[in-house]
Every structure is written in C-alpha cells, then in structure tokens.
Amino acid sequence: MSYVAWFKDLSKDSIAIAGGKGSNLGEMFNKGINVPNGFSVTAQAYAEYIETTQIKSQIEQFLQGIDIDNTEQLQHTAQQIQQLIISTPIPENIVEEIEDNYELLGADKDQAHELVEGTEVFVAVRSSATAEDLPEASFAGQQATYLNIKGKDNVVVAVLACWASLFTARAIYYREKNKFDHSKVLISAIVQKMVNSDRSGIMFTVNPATNVENEIVIEAVYGLGEMIVSGQVNPNLYIIDKKTREIKKIEVKKQEVGLFRNEQGENEKQDIPKEDQTTQVVTDAQIKDLARIGKKIEEHYGMPQDIEWAIENNNIFIVQSRAVTTFKPKKVETTGEVKPVNEGHGEIILKGETASKGVYAGKVKVIKNASELNKIENGDILVTTMTTPDMVPAMQKAGAIVTNEGGMTCHAAIVSREMGTPCIVGTENATDVLKDGQEVTVNATQGVVFRGIMEVPKEETVKHEEHYDTDIITATEIKVILDLPDLAEHAAATGADGVGLVRIEIMIANGGIHPAEYLRQGKVQSYIDLLKEGIGKIATAFAHKPVWVRCSDMRTDEYRNLQGGDQEPKETDPMIGWHAIRRLLDEPELLKAEFQAVKELHDDGHDNVGIMLPFVINVDELTKAKDIMRSIGLEPCKDIDFGVMIETPASCWIIDELCKEGISFVSFGTNDLTQLTLGLDRNNQRIAKLFDEMHPAVLGEITKVIETCKRHNVKTSICGQAGSRPEMAEFLVRLGVDSISSNVDVVDEIRHTVAQMEKKLLLEKN
Ligand code: PEP
Ligand code: MG
C-alpha cells in the first residue's frame, strides 16, 4: 500500500484518502489551476499508524463518556490524546515513504533543466480531515498548518503534529456537537511546496459583506497573506464584476510593513519601500486574471469559493479554496426599487437615515402629541417628531414610521427594527412636509419618501426573514435583543442562544402607568405582575437559555404620557439625568419590585432569567443593588445571573473594582457608551454622522474591559446597537467576547460573520 498520493492522482472524490483540503487541491491541480505541487500523506497512513502502534484503543478510551461541556475535562482529554500521538513514532516504512516523496517534490522544478536531483524545499504541511471543509461543515478549520518546513526530519515531525491536531479540544467539541463519529474521521497531512509570496491575499467569489452574488472581492497585500488574517495591515480592496470582469472598485491602503520569508524560512516583518507603500499591490491585469481564476474555480465547484492566492515572480498560485458556507444569497433584493404608477408621482419629497429597511406605500398620519395617538389605524404611516416608548402600540399598527429626529440608536430605530417595520429617522421636518391623509411611498431602504403611491415589488414588503441558519455552530454565543414580549416566539425561531437584553420599558409603557405612579398608589404588586407577564413570555420562549432583563431605565422626558408621567421632574438633559440605577436606588422600592418579579419567575421555574443594572458609575451602586436582591431571597451570581451594563466611561475605568465586588457578566451598552465617550447626543440627527461605535476611543474602552473581565472570569457581552454591526462583531470575537446580542433581523448575518471570524482565528493560530 502506498502511503502518499500526489495531487495529480487526487480529485474531488478523494476525500476518504486526502481529506477535504487535499482532494480540493488535487481537483484544482488537475483542472489546470496553478496550485503549487504537493502530495497527501493519506488518511490510510494515519489509520495504519494508530492501528499498528496500538494507540487507537487508548484514544477511544480517553474519549469514552467525555462531557464536552466541561471545559476543563475537554481540555485535559485533548491534551492527553495529542501527547500520546506526538510521543508515538511513525513506523519506519511510512516515514521512508514520506521522506522519499518529499525529496521528489524538491526535484519537481518549473524549469526542465533544473530536473537534476532532489533538494530540500520549503513546504507547508497542513492537516486535512476527512470530514473537514465539506460544504455542510462550516466550522471545521480546527486542524493545524505548519508553514516553511524544510528538511525531511522536520516534515515527518510536522506530519505527526498534524495528526495530533485531529484531537484539539475544539475539534473534539465540534465532532461531538455535529455528531461525527470520532473514529470515522481520519486525517491526511498535505505536504505542499511553499510559494515565496511577494504579494498575496484572499478572494471571495461573492461579496461576503453585502451578499451580492455578482461581485468578486479581492484583498491584497505585499508579502504573506497572514497579515490580512491577523488584521495587522489594511489590505488593498478590489471589487470586480463577475460577469464582465470589469473592475468596479479599487481601494489602495497604505502598507508600511509586510511579512516575508527570510533565508532561514522564518517569517520576518520587513519595511515596504516608500515608493510602493501607497501604490496598488497587484496590477489591473493581475486583478482580472485572479477574477478569471476565481470564477473558474467557482464554476467548477458550483458554489461560491473563499480562495487564498499568492504571487511569486508574477506567477499567480492558488494556495487554498473552500466553499463559502456562510454565504446566503439574498432571497429579497432590498434595493428598494419602486416605480410610479401615476403621472406626477415619484418625486422625492423627504430624505433621512435608514433605521429599518423596507418599502411601504400608504397614508400619512402626523402625530404632534400623545393625545393624537389614537388617530393611527392599521397600515397608516406614522409621522412624528420622535417616537417614545408609549407610542409602541401605535407603532405596531403602523405600516411605516418617519421621524424628524434621531439616529441609528434612537427609540424609533430600535423598536421598528425589532418589529420589522420600515422606518426613516432624522428627516428634520417630516411633520411639516407631510400632511395628514397624504399618500406617500416610504422607501426606508434608501432613506427617502416619494410623493404618491408607487408600485412596490412584493419582496420589498416582506417583513421578516423566515429562514435562519440555526445549524451554524459558533463558540461565541449569538443572542437577540428583545423588547416586545409579543415577538418572543419569532425571536426564538432564530435559534439564538438567549436574550442579551430585555428592555422592560416597552412593557411598562404598554401598561399605561408610570412605575413611580404604581408606588404612589400603593399598587406595587400590579407593577410586579405586569413585569412577570411580559418577562415570563420571553423566558418561556427561550426556556433553558439565558434571558438578561435590564432594570428599568426611564428617562424623565420619555414617559410623560403615561399615567403619573406628568409628575416626572423637568431636567435640562434627561439623557444624563435621573434614570437607571441612580434613580432606582433613590426609589429602592422600584428596584425591589423589579427584582421581586424576577424572583417570582424563578420560583415558577424560569430560572433562566438574569438581571442587568443599567448606567452604573460607582461600585456602591452594585453593592446596594446586590443587597436588595439578597433581601428578597436570591443570592446574586449564585442563584441568578447578575451583571452590569458597561455604558458609561466611568464603568470602564472602575471595571476591576466592579469585578472584585462580584458580577456574573458585563454587557456593553454601546449606544450610551459611544454617546458619552464621544460627547455626542445619540438622538441628534445633525451629528449622527459622527456617531460611530468603532471610534478608537470606544474600542479602547471595550478592549480594556474585556481584558480585565477575562482576568476575573467575568463573562462579556454586548447589547447596544453595535452588536448588529458585523465589524463590531468581528472586533469582539477577536477579543474573545463570550456573547453578542443583535437585532432579530440581523441575527443570521451576525452568526455568519462570527462563524467566519472564528474560523479565521483558528487558521491564524494553526
Ligand atoms: C445602550 O445604551 O447601548 C443600551 C443598550 O441601552 P439603551 O439603548 O436602552 O440606552
Ligand atoms: Mg443605554
């Protein structure tokens, strides 16, 4: 039996011999795609190794009855098995065959006259599991890669290390979760000539950022591509039309250093010559060549591909290609294209910011104050200065919502996204421009309002996505934000791992009475019952998954229309006024009532409900709140998840002390954190363009907090609007955040982003 198989002898049907990666490479090699040559040390070689050395039964014993959710046990078992493999030498006959073929690889030169004798060349040794990189197994890049290996002894060592990597904790966990039988998954080691890249990068044959199928996206850097994956340099970005191969976009970013291989085979950071730093990394002709190759590979596999490429001396090599399992073609093209049905219609009469996508045509109802709310009938377009939580019932009836004020994190934006209602915010003068009864078409996708009723394609009116990729497994938990108990079932259908934020203000507003009024009237139990009902619905829909309820955070200007709301104090700046934990401690009966509702839910079996304190700035706020929780019979962090929101810069600075006082988790409220860090009113549309959660100051705070929490074993999470931004999700995953909460409408997108990022990080580590 031969223990190696060269690429020329492999094809896509060789998974059982060379694993997913190896068979892919063989397939491409034989289709004339320029992949560096190499061979697979076959899965059968590995199988024979574990049989003849008799370690197979030992491995099976280690894995028997393992509890994969017990992290310590999982890590320990993984280490034991890997150690066993590393310390068990490969039988001599297999070693010889690997070494001979490695030498042959050295003789395989591009130029015929160089075919003189075998020499030692740099190779990459990669593991390729027989259940890996398959379209249905999206989270599979667990096994190792060893780059720049030279010398036959080293190659043999790297092969053994690849075999051992079949038993990393992650790989074991992944197989158990996906119900792969451990003994049926074998591993091949791919030995492939290294390209000494002077330029390299990645290529997606669909646009992963926008899910546009028709675009090829290429990222390119000088030197080795690792710099892209690790995020150390900003790559050039090229977008190409897949059909015409026309270059649609070229973005050149400055690159001052690159990673290059030195003579010893070590990767070394080197300065890029000044004159090259800001020039396009690959030529237009090469971009088109790459796109042509990408298209060919995609056509060959019949599905979008994620490709790694490298250029050495102007020769393009394809180093890897795998299916983009995270790509989901857009079922609904939400371009917001609409056509006028009558002459004179179609004029844009108003512009604003997209808060929730979609298109809707109907009649305007302008709401000047709360007393007019009952004007809204099913399907009306609600137009108002700014929505407040007490408008939610009316918002639920509305077909679309348009406001004068607000940005992405304002109340109207948050709630309309949750409801899937098209919404435009920050138009400045919608309440003047639009008249009661007027017929308009709200194209929220494009942030514009047209005069008259336009023909709206049916897809544009689809409110919710019905399909969710619940089978994608991510190490980072993906949760939802949920404020409307009526939508709990819908939110749970996303397969989310829990609810990272329940804003109880909406259910309070639905009850029509201000919490302080319940106190004044001595009706605390009614308040408790109201909360129990709303939270209970969510806790039921998310049974056995954590549901973090935030204590009330009611700004004094927002709830004036509730019964008793007129007694709220007038403040110059309610945003930084008497609300959240500071108010609840001034009126501890309120905090106690909210805790009591949660305690009673626990007593009824809903012990998945946890508590989160908003707007914390002092440790003693936490201490006092914990004492109140104890006074009603629940021990914080032990009987109940008890966390704080990180939404003030102060909380970031005192994070060490907060952790020492004892919390189960923190959750970033990036809406307030950004507002307070950047000194920007989040509801002011005039400065909305400056509101950016990715500002380095905010990211710096987040980094500090996560690092500190990790030292204290405190879980980290996000529940601000930024958790719905893929770039924030990527940033947080890199820092090792434990969970991310997003809006229901983007859960799937975030899940895909996180899966992709986790995979990237694993590859980076290998
Ligand atoms: C936040 O500030 O990020 C947050 C989640 O709370 P809210 O939007 O309710 O202020
Ligand atoms: Mg907040």
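Source: prediction; values computed, not measured.

A. Spatial organisation of the overall build of the protein chain. Of regular secondary structure, the protein chain possesses 26 helices and 31 strands. Taking 766 residues into account, the globule formula puts the C-alpha radius of gyration at 27 Å, and the protein chain, at 29 Å, falls close to it. C-alpha atoms of the protein chain, sized along the principal axes, occupy 95 × 70 × 45 Å. For the protein chain, buried positions account for 57% of its 766 residues. In the protein chain, once contacts between residues fewer than 6 apart in sequence are set aside, the share between residues at least 24 apart is 67%. Carbon together with sulfur atoms contributes 48% to the accessible area of the protein chain, which is approximately 31,200 Å² in total. Charge-centre separation for the protein chain: the mean point of 80 positive side chains lies 3 Å from the mean point of 118 negative side chains.

B. Looking closely at the pattern of salt bridges. Under the counting rule described, the total for this entry stands at 35 salt bridges. With a closest N to O distance of 3.8 Å, E103 and K152 form a salt bridge. One end of the pair, E103, is in helix α5 (residues 92–107); the other, K152, is in helix α6 (residues 152–164), and 49 residues separate them in sequence. The shortest N-O distance in the salt bridge between D198 and R199 comes to 3.7 Å. Each of the salt bridges in this network shares a partner with another, and the network as a whole consists of R555, E558, D672 and R682.

C. Structural view of the coordination of the magnesium ion (ligand 2). Protein-derived ligands of the magnesium ion (ligand 2) are E647 (OE) and D672 (OD), with the metal-ligand distances lying across 2.0 to 2.2 Å. Here E647 is found in the loop between β28 (642–646) and α21 (649–653), whereas its partner D672 is found in helix α23 (residues 670–678), with 25 residues between them in sequence. Of the two residues, E647 and D672, both sit in the buried class.

D. Up close: the packing of α23 against helix α24 (residues 696–711). Running from N to C, α23 and α24 cross one another at 120°; their axes reach a closest spacing of 9 Å. Between α23 and α24, the crossing angle belongs to the class labelled oblique. Relative to α24, the crossing made by α23 is right-handed. Of the residues in α24, those touching α23 at T670, L673, T674, T677 and L678 are A697, V698, E701 and I702. Here the residues of the contact of α23 with α24 are counted per class, giving five nonpolar, three polar and one charged.

E. The side chain of T427, seen in detail. Relative to the elements of secondary structure, T427 occurs in the loop between β20 (423–425) and α13 (430–433). Engagement of the side chain of T427 in a polar contact is seen with the backbone nitrogen of A430, the distance being 3.3 Å.

F. Broad picture of the site of ligand 1. What surrounds ligand 1 is a group of 13 residues, the closest being R503, E647, G669, N671 and R682. A distance of 3.0 Å separates an oxygen atom of ligand 1 from a polar atom in the side chain of R555. For ligand 1, the protein covers 97% of the area, taking 290 Å² as the surface of the free molecule. Mapped onto the shell around ligand 1, the elements with two or more residues apiece are β25 (499–503) and α23.

G. Structural view of the nonpolar core. Counting residues in hydrophobic clusters, the biggest one holds 107 residues, and the most contacted among them are F542, F595 and L613. Take this core: its biggest share by element is seven residues, from helix α19 (residues 588–603). With residues near it in sequence (within four places) discarded, L613 still touches C551, I581, F595, E621, L622, A625, F642, G643, V644 and M645. One finds Y3, A129, A164 and L186 within the second-largest nonpolar core, a separate group that totals 48 residues.

H. Inspection of the sheet that holds strand β3 (residues 123–129) at higher detail. Strand order in this open sheet of five strands is β1-β2-β5-β3-β4, and the pairing throughout is antiparallel. Each having just a single partner strand, β1 (4–6) and β4 (145–149) make up the two edges of the open sheet. For this sheet the average axis-to-axis angle between neighbouring strands, irrespective of direction, equals 20°. Sheet analysis places β3 next to strand β5 (residues 187–193), joined by seven bridges and oriented antiparallel.

I. Representation of the pairing of β5 within the structure. Counting buried residues along β5, seven of its seven residues qualify, which places the element largely inside the surrounding structure. Bridge count for strand β2 (residues 38–41) against β5 is four bridges, and the pairing is antiparallel. Of the residues in β5, the one forming a bridge with G38 is Q192.

J. Quick look at unusual backbone geometry. For N148, which is not glycine, the phi torsion reads 55° and is therefore positive. Phi is positive for C637, close to 75°, though the residue is something other than glycine. Relative to the elements of secondary structure, C637 occurs in the loop between α20 (619–631) and β28.

K. Layout of a negative patch on the surface. Negative charge collects at one region of the surface, where E405, D557, D573 and D681 lie side by side. Relative to the helices and strands, D557 is located in the loop between β26 (547–550) and α18 (580–586). Since its relative accessible area comes to 41%, D557 is described here as partly exposed.

L. Broad picture of the pairing of strand β6 (residues 199–204). With five of six residues buried, β6 lies mostly within the body of the structure. Strand direction decides the pairing type here: β6 and strand β7 (residues 215–222), joined by six bridges, are antiparallel. Pairing of G201 across the sheet is with A220, part of β7.

M. View of the side chain of R261. As for its position among the elements, R261 is in strand β10 (residues 257–261). No salt bridge is formed by the buried R261. Its closest oppositely charged neighbour is E312, at 6.0 Å. Reaching out from R261, the side chain makes a polar contact with the side chain of N148 at a distance of 3.5 Å. Sequence-distant contacts of R261, defined by excluding residues within four places in its chain, comprise F122, N148, M194, V195, N196, E266 and N267.

N. Inspection of the domain arrangement of the protein chain at higher detail. Here the protein chain is partitioned into domain 1 (4–193), domain 2 (199–323), domain 3 (334–461) and domain 4 (480–763). Distance between the C-alpha centres of domain 2 and domain 4: 41 Å.

O. Summary view of α5. With 16 residues, α5 extends 23 Å between its outermost C-alpha atoms, agreeing within 8% with the 22 Å of an ideal straight helix rising 1.5 Å per residue. Of all the positions in α5, only I94, V95, E97, I98, E99, N101, Y102, L105, G106 and A107 are classed as buried.

P. Structural view of the packing of aromatic side chains. Using the criterion set out here, one finds seven aromatic pairs in the structure. Ring geometry for Y46 and W163: centres 5.6 Å apart, planes at 65°, overall edge-to-face. With Y46 in helix α2 (residues 43–52) and W163 in helix α6, this residue pair connects regions lying 117 residues apart in the sequence. Residue classification places Y46 among the buried positions, given a relative accessible area of 2%. You can call W163 buried: its relative accessible area is 0%. Aromatic pair W548 and F665: ring centres 3.6 Å apart, planes at 5°, arrangement stacked. With a gap of 117 residues between them, W548 in strand β26 and F665 in strand β29 (residues 665–668) connect regions that are remote in the sequence. Taking relative accessible area as the criterion, W548 reaches 4% and is therefore assigned buried.

Conventions and cut-offs
Residues numbered from 1 in each chain as written. Chains lettered and ligands numbered in written order. Predicted model: local features only at pLDDT ≥ 70, side-chain atom pairs only at ≥ 80, totals over all residues. Heavy atoms only, no water. Helix = DSSP H or I, 4+ residues; strand = E, 2+ residues; numbered from the N terminus. Rg over C-alpha atoms; globule rule 2.2 N^0.38 Å. Buried < 20%, exposed > 50% of the residue type's maximum accessible area, 1.4 Å probe, protein only. Contact = heavy atoms within 4.5 Å. Areas by Shrake-Rupley, 256 points an atom, 1.4 Å probe, with all protein chains shown as cover. Lys, Arg positive; Asp, Glu negative; His and termini not counted. Charge placed at Lys NZ, Arg CZ, Asp CG, Glu CD. Salt bridge = Lys/Arg side-chain N within 4 Å of Asp/Glu carboxyl O. Donors = N, O, S within 2.8 Å, 3.2 Å for Na, K, Ca; no water. Axes fitted to C-alpha atoms, helices over the stretch in contact; angles between N-to-C directions. Parallel < 35°, antiparallel > 145°, perpendicular 65-115°, else oblique. Left-handed = near helix turned anticlockwise from the far one by under 90°. Nonpolar A, V, L, I, M, F, W, Y, C, P; charged D, E, K, R; others polar. Polar contact = N/O pair within 3.5 Å; in protein donor to acceptor, adjacent residues only side chain to side chain. Near = heavy atom within 4 Å. Core = buried A, V, L, I, M, F, W, Y, C linked by side-chain atoms within 4.5 Å. Pairing = 2+ DSSP bridges. Patch = residues over 30% accessible without salt bridge, like charges linked within 9 Å, V, L, I, M, F, W, Y side chains within 5 Å. Domains from an automatic or database assignment. Expected span 1.5 Å × (residues − 1). Phe/Tyr/Trp six-rings, centres within 6.5 Å; stacked < 30°, edge-to-face > 60°.

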